[in-house]
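The primary structure of each chain is shown beneath.
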Amino acid sequence: MNLEQVIDYLRTDPSLRANITHWETIVPKAAIYGDYPQQLSRQLVATMVHRGIERLYSHQQQAIRSIMDGKDTVVVTPTASGKTLCYNLPVLDSILKNRQSRALYLFPTKALSQDQMTELYNLIQELDVDIKTYTFDGDTPQTARRAIRSAGHIVVTNPDMLHAGILPHHTKWIKLFENLDYVVIDEIHHYRGVFGSHLANVIKRLQRICRFYGSNPTFICCSATIANPGELTEKIIGREVNVIDENGAPSGEKHFLIYNPPVVNQQLGIRRSAIKEAASLATTFLRQRIQTIVFAHFRLYVEVLLTYLQRELKGDFGEGIKIAGYRGGYLPNERRRIESGLRSGDITGVVSTNALELGIDVGNLDVSIIVGYPGSIASLWQQAGRAGRRSGVSLTILVANSSAINQFLCTEPKYVFGKSPESGIIDPDNLIIRTNHLKCATFELPFDSEELLGDDGTSEILDYLSESNIIRRSGNRYHWSSEIYPAQQISLRSASPENFVILNESHNAEVIGEVDYFSAPIFLHPEAIYLHSARQYQVTKLDWEGRKAYVKEVQVDYYTDAETKSDLKVLEVNEESQQMEFVAGHGEVSVSNVTVLFKKIKFETHENVGFGDLDLPEMEMHTNSFWYAFPGDIRFRLDLDGADFGSALRGLANILGKIAPLWVMCDPRDLRSISQVRAPFTEKPTVYIYENIPGGVGLSEKLFSESERLFESCREHVRSCSCSSGCPSCVGPSLEVGEHGKAGVIKLLDYMLAVAPV
Ligand SMILES: [Zn+2]
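Residues numbered from 1 in each chain as written. Predicted model: local features only at pLDDT ≥ 70, side-chain atom pairs only at ≥ 80, totals over all residues. Heavy atoms only, no water.

Looking at the packing of helix α1 (residues 3–12) against helix α12 (residues 274–287)
Pairs of packed helices are described in terms of their axes, by the angle between the two and the distance that separates them. Close contact between α1 and α12 brings their axes to 10 Å; oriented N to C, the two are set at 145°. Here α1 and α12 pass one another in a crossing that is right-handed. Seen from α1, the contacting residues are L3, V6, Y9 and L10; seen from α12, they are L281, T284 and F285. Looking at side-chain class alone, the contact of α1 with α12 contains 6 nonpolar, 1 polar and no charged residues. (Axes fitted to C-alpha atoms, helices over the stretch in contact; angles between N-to-C directions. Helix = DSSP H or I, 4+ residues; strand = E, 2+ residues; numbered from the N terminus. Left-handed = near helix turned anticlockwise from the far one by under 90°. Contact = heavy atoms within 4.5 Å. Nonpolar A, V, L, I, M, F, W, Y, C, P; charged D, E, K, R; others polar.)

Have a look at this one:
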C-alpha cells in the first residue's frame, strides 16, 4: 500500500475511524515566485541559479528587499519554506561587497546551529570566495577561539554563549562589534516566557556594546506562526519591525488527524495508553515502508516507543526496515548518521523528542505521529511540518493522552486549525531578570546615570546594587566592583533557584530527571513514589541543600499524593475590573507552600492505604496572578451546599489552570491555580491562576484580558467530557472534587458567562 491507500484504510476501517475525533484536509497550494532583487550581487545570484534556484519565493523576495533597505525584519512562515535564504543572501551580499562586514547568528540550540552552519558552508563553497563562518559555542576549542574572534565573518552561536562567553569579553571581539551589520535570530517564537525575557535583556546589552564600538546592526528574525510575531520580536529587539508573513512556498495535500484512544474505564475517565496506540499506528505505516517520524515528550518515552516498534517489526514483515531513536544525549556523530539516513531514505522510521522539531534538515517525511500535545500550538505545527513534501500527500496524527489539555483539543479542534490564538509573551522588565542583566551590563561597560537599560528605573536598581557593594558609584558613573564575574552565575533558562536532579541509586546514581525547585517538596519528599514513564521509583533521601533526590526502583501497588498547604496573598493590584457582582483582576502576589503530609493511594481502587507526616521547609515565591472573585452569596444562589461548593471551586481552579496555558503559549508547568472559599483579600470565594515563575513574565495580564474566552472553552470542555462526576481529563478526579464536583463547576461557569459583559 502507498500512503494514499493507507489514508483510505484509516478513513474506512470502523474501529480506527471511531477514534478519530477530527480529520482536517489541507488543500495543496501552488508556489508564488518573485525575482532576485536588483541590488543583490551578480555573483550570488549566478551561484543560486547554478544550484537550480532560478527564482525566489515571494516571501523571500520581500524579506530580502526589506532587509537590504536596512529595516529590522521578521519572517513568519512555516517549516521548510526556505527561511534560511532570507537571511543568508543579504548577509553574504553584504560581505561580498565589503570584506569587513560581520554578522552574528543566534540559534536556540547547539544542534540547530551546527546544522545551519553546514548549509551556509556549502553555499560559500559554491561561491568560491573566502568568507569565514565559525560556530562559537561551549564545544569550540580554546585554540580556535582567537581566529574566530578576529577573522570570522559570520559567527554562529546561541544566546547562552552570547550572554556568558561573548559580551563579557567584548574587548577581544572588537572586529566583530565594530563591523556588525546583521544580527540573525532564528526560531524567535522559541524565546517566550523566562527565556525570552532574558534574551530581550541580552539583546539590549548587545546593542549597548555595538553603540560603544560605533555599529548599529539590522536584525533579521524568523518565527513559526504565532499570534503576535511582530509584537514578540519588537519586545525582544526593542525596536519596530517589518513583518513578512505571506508564504510563497508551495505545499502538497496534507491530512491532519486528531486521534483519541478509546476509553477503558468510563467512570474514572481512563483511556488506553497514547504511547501504545501511537506505536500501533506507526507500525501500520512502517510495514508499508512509509517514512514516519514519531514525536514523544520525554527521552524515556522515546526509548520505550523505539523498543516497542523494533519488537513489532522484527521478522519477515519488518525486514530491511530501519528505525532509529533521536534525542539529546546521543552523540553528534550518531545524530548526523541518523539525519543523513533519513534524507537518503535508508532509515524508514525515527522516534524523537522535540530535538528534531527545530529546523534540522532530515528531508521531508511522509507521516508524523505526535504523542501528546507538545505544549504549544506552534510546536504542534512544527512537528506536523516534519511530514510534508512540496508535492504529494502527507499525514499528521496527534494522538491525545488523557490530560485535560489533550482532551480539550479533541473536543475543540478549531483551536488547532483556526487562527492560532497563542501569543509569545515575555516581560523584559521582570525585576529579577532585569537586575541580573544590569549587573552583567555594568561589568561589561560602566553605566552613566543617564543611561537606561529597559524602561525607567535603571538608576534605582543600580543604586540598590551599589548599596550592597557589588557596584560602586563614583560621580555620575556606576562601576562593577565585585570579584565575581556575573554572567556565569546567571542562567538564561530559568528565573528560579536551581532544579532538583533525581538520581537513580539502583543504576549507578544515573540522573533520570529533574523537578523544579518549587515542585520538589510535592514530588520528591522522602518516601514519595516518583513515576517516570510508567516506572516506579521511591525517594530514599531528599538532599535539600544539594538539590538532589535519591531514588530506587520499586514495584508497589500504590502511588503517593502529597498534601500541600498553600496560601496566596495579594500584594498589589495592577488592574481590576469590578462589575456589579464579580471582581476580576491581576497583580502581584506572594504564594507560600508547605508540604505537610503524604497519602499512599492504591492503584485501581484508589483506597487510602497509609500516610506519613513530612517536615519540609516552607517555600515562598513572589509572582503575578490573575483572579476571579464571586459574590459572597454565590453558593446560595447556585444552590450548592457547603462541601459541594468548596469542591466545585477547587474543580474550577483545576480546569482553568490546566487549559489556561493554551491561551498564553506557556509551558503547562508555568501556571498553577488555587481556590479560596473566602479569600482574605477579596473576602469572597475566589480562584487564582498564578505564574509559577518568580516575578512573573506577564502571563496573568494576558489571562485577565482573555478571561471570557478561557471560561467559555472550559465550559465547553467540561460539558462534553464523557465522565460522570469528574476525571483527570476535566475538573479533576471525583475523589478530589467530590461526587457533585463536575456539576458544580458547570454551574459556576454558567454563572461566570451569564454575568460577563458582552
Ligand atoms: Zn471528565
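A word on the environment of E527
Relative to the helices and strands, E527 is located in the loop between α20 (520–523) and β24 (529–532). Taking the relative accessible area as the measure of exposure, E527 reaches 38% and is therefore partly exposed. Once residues within four sequence positions are removed from consideration, E527 is found in contact with Q538, V539, T560, F598 and K600. (Buried < 20%, exposed > 50% of the residue type's maximum accessible area, 1.4 Å probe, protein only.)

Some remarks on the domain arrangement of the chain
Partitioning the chain into structural domains gives domain 1 (3–27 + 251–417), domain 2 (33–244), domain 3 (431–487) and domain 4 (566–592 + 618–755). Its C-alpha centre places domain 3 at a distance of 39 Å from the equivalent point of domain 4. (Domains from an automatic or database assignment.)

Looking at the coordination of the zinc ion
Only C721 (SG), C723 (SG), C727 (SG) and C730 (SG) from the protein reach the zinc ion as donors, at distances of 2.2 to 2.4 Å. Viewed at the metal, the 4 donor atoms of the zinc ion are separated by angles of 102 to 114°, and the geometry they form is tetrahedral. In primary sequence terms, the donor set of the zinc ion follows C-x1-C-x3-C-x2-C. Judged on exposure class, the residue C723 and its partner C727 are both buried. (Donors = N, O, S within 2.8 Å, 3.2 Å for Na, K, Ca; no water. Tetrahedral: all angles 85-135°; square planar, octahedral: opposite > 155°, others 65-115°.)

Quick word on helix α15 (residues 377–384)
Since the α-helix packs 3.6 residues into each turn, any two residues three or four apart lie on the same face. Here α15 lies mainly inside the structure; 7 of its 8 residues are buried. By the burial criterion, the buried members of α15 are I377, A378, S379, L380, Q382, Q383 and A384. Looking at the buried side of α15, the elements it contacts are β11 (254–259), β14 (292–295), β17 (367–371), β18 (394–399) and α17 (414–417).

Overview of the environment of V194
Examined against the element boundaries, V194 turns out to sit in helix α10 (residues 193–213). Residue class for V194 comes out buried when judged on its relative accessible area of 13%. C-alpha separation for the pair V194 and G325, spaced 131 residues apart in sequence, amounts to 30 Å.

Side note on the pattern of salt bridges
Taken as a whole and judged by the stated rule, the model has 19 salt bridges. With a shortest N-O distance of 3.4 Å, R337 and E334 are connected by a salt bridge. In this pair, R337 and E334 both sit in helix α14 (residues 332–344), 3 residues apart, roughly one turn of the helix. A relative accessible area of 46% means that R337 is categorised as partly exposed. Since its relative accessible area comes to 33%, E334 is described here as partly exposed. One salt bridge in this structure joins R473 and D463, with 3.3 Å as the shortest N-O distance. Taken together, the residues R473 in strand β20 (residues 471–474) and D463 in helix α19 (residues 458–467) connect sequence positions 10 residues apart. (Salt bridge = Lys/Arg side-chain N within 4 Å of Asp/Glu carboxyl O.)

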